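Next come the chains, spelled out residue by residue.
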Amino acid sequence: MEKELTNREFHFVLAKATSEIISKKFNISNEQAFNLFKLSDLFAKLMSSTDEFDQVMPEDLYELWKNERLVGYPVSDTEIKDGLLQGMSLK
């Protein structure tokens, strides 16, 4: 019987899978992508969470990470329109 992963181990697996997506999208090494992901608030939240991310897929984390780089904090694509958060304007 296989050992069950702890939340931290599971979240680390998610982080590695997310960094692989970043690596492919930006054509950089997995190590560079992981180091880039580690700099985000999303990574810190992921690694300190006890269960908040249990239903999230790596593709979802990539979307949140990408948008964090755009607007400063993790948000989904649905909350952004034309590079701005919904409800915000440049005026």
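Residues numbered from 1 in each chain as written. Predicted model: local features only at pLDDT ≥ 70, side-chain atom pairs only at ≥ 80, totals over all residues. Heavy atoms only, no water.

What is the right way to look at the side chain of S19 in this model?
Counting through the fold element by element, S19 comes out in helix α1 (residues 7–26). If we skip the residues at most four places from it in the chain, S19 touches N30, A33 and F34. (Helix = DSSP H or I, 4+ residues; strand = E, 2+ residues; numbered from the N terminus. Contact = heavy atoms within 4.5 Å.)

I keep staring at α1 and nothing clicks. Help me out?
In an α-helix, one full turn covers 3.6 residues, which means residues spaced three or four apart are oriented alike. The end-to-end C-alpha separation of α1 is 28 Å, in line with the 28 Å expected for 20 residues at 1.5 Å each. The set of residues buried in α1 consists of H11, L14, A15, T18, S19, I21, I22 and S23. Contacts made by the buried residues of α1 are with α2 (30–38), α3 (41–48) and α4 (58–71). Directly beyond the C-terminal end of α1, a positive phi value near 55° is found at N27. (Expected span 1.5 Å × (residues − 1). Buried < 20%, exposed > 50% of the residue type's maximum accessible area, 1.4 Å probe, protein only.)

What is the right way to read α3 from this model?
L42, F43, L46 and M47 are the residues of α3 that are buried. Buried positions in α3, seen along its axis, are confined to an arc of 125° and lie on one side of it. For α3, the elements touching its buried residues are α1, α2 and α4. (Arc of directions from axis to C-beta.)

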